[in-house]
Amino acid sequence: MKYIDQVKETTEFLRSRIQNIPETGIILGTGLGDLAEEIEVEISFSYTEIPHFPVSTVESHSGKLIFGTLEGKHVMAMQGRFHYYEGYNMKQVTFPVRVMKFLGVKRLMVSNASGGLNPDYHISDLMFINDHIDMFPESPLTGANDPEFGPRFPDMSEVYDRNMIAEAHKIAKEHNIPVREGVYIGVKGPNLETPAEYKYLRIIGGDAVGMSTVPEINVACQMGMPVFAISAITDLGVEGKIKKVSIEDVIGAANNAEPGMTKIIRELIARL
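Residues numbered from 1 in each chain as written. Predicted model: local features only at pLDDT ≥ 70, side-chain atom pairs only at ≥ 80, totals over all residues. Heavy atoms only, no water.

1. Quick look at the environment of K170
Our working definition: Only DSSP runs of H or I covering at least 4 residues are called helices, and only runs of E covering at least 2 are called strands; the numbering of each starts at the N terminus. When accessible area is computed with a 1.4 Å probe and restricted to protein chains, residues below 20% of their type maximum are described as buried, those above 50% as exposed, and intermediate ones as partly exposed.
Here K170 lies in helix α4 (residues 162-174). The exposure class of K170 is partly exposed, given its relative accessible area of 48%. When the C-alpha atoms of K170 and I264 are compared, they prove to be 9.4 Å apart, with 94 residues separating the residues in sequence.

2. Overview of the pattern of salt bridges
Put simply, the test is: Salt bridges are defined by distance alone: a side-chain nitrogen of Lys or Arg within 4 Å of a carboxyl oxygen of Asp or Glu.
Using the criterion set out here, one finds 12 salt bridges in the structure. With its nearest N and O atoms 3.0 Å apart, the salt bridge here joins K8 to E148. A residue pair is termed long-range when its members are at least 10 positions apart, and K8 in helix α1 (residues 3-15) and E148 in the loop between β6 (126-134) and α4 qualify at 140 residues. K8 gets classed as partly exposed once you look at its relative accessible area, which sits at 32%. The shortest N-O distance in the salt bridge between E216 and R81 comes to 2.8 Å. Pair noted here: E216 is in helix α6 (residues 214-222) and R81 is in the loop between β4 (73-79) and α2 (90-93), with a separation of 135 residues, a long-range link.

3. Observations concerning the layout of surface pockets
What counts, and what does not: A 1.4 Å probe that fits into a set of points on a 1 Å grid over the protein atoms alone but cannot get out defines a cavity; an open set with protein on both sides within 12 Å along at least five of seven lines defines a pocket, and lining residues are those with an atom within 4 Å of a point. Grid points are joined across faces, edges and corners, and a volume is the space filled by probe spheres set on the points. Residues are grouped as follows: nonpolar covers Ala, Val, Leu, Ile, Met, Phe, Trp, Tyr, Cys and Pro; charged covers Asp, Glu, Lys and Arg; every other residue, Gly included, is treated as polar.
Considered as a void within the structure, the largest pocket measures approximately 410 Å³ in volume. Every element with two or more residues in the lining of the largest pocket is listed here: β5 (107-116), β8 (208-210), β9 (227-236) and α7 (247-271). With four residues, the top contributor of residues to the lining of the largest pocket is β5. Its residues assigned to classes, the lining of the largest pocket shows 12 nonpolar, 11 polar and three charged.

By themselves, these observations are geometric and do not establish any function.
Below is the structure:
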């Protein structure tokens, strides 16, 4: 079966079971799944129930697709995402974003846990992503392009929606939530970076680094979906501040950042 036919089959499976078409799609990253608990759930699916869906294998990614309302708006949320380092190819990693668009989702919001490269950053800071650097070895746009997915050569001059970023800054200020804004670098993982790699990534313009987000954003951009993305800084790749990090450390730091992130995304959705 062709890839686009898989997308359409999954879309029809979900459309036949949901009551309302979601306007906003949400992808929740490591340690940042609590936002899903704020959703008034209409129906949810385990990824194992959904045709052609990969299955998340990462600790703290529960593997549920949730449909419901948040602040009175219809949303769908991925409680757990897929990563290239899990062994999936990029078309599998970004499959849910294709499905979101075909379902009728108008915009995408993404969260992730990332390492801080900017020396001004602290653990559990929040960073709005305003640009990215793609260092993955494979692109989800590689191969035959179906016009239904969008242009073969999508423009990337304004990937992250400036209006949503500006509104998110207003929300953060109203609630005294400290936030940063910067460039995210996507790398394949799953190993963390060496000190020399952290230094290199900072030199080329990164403020934070992680193992997700960029593939999904590239696909959303190709399909004409405005994007808002936010990183929780869970460890530091800054000379003199680099320490050994475990997944428990990452989840703990993300959990500390999560309440602020949830408030910002909730209110941003309410104002759209």
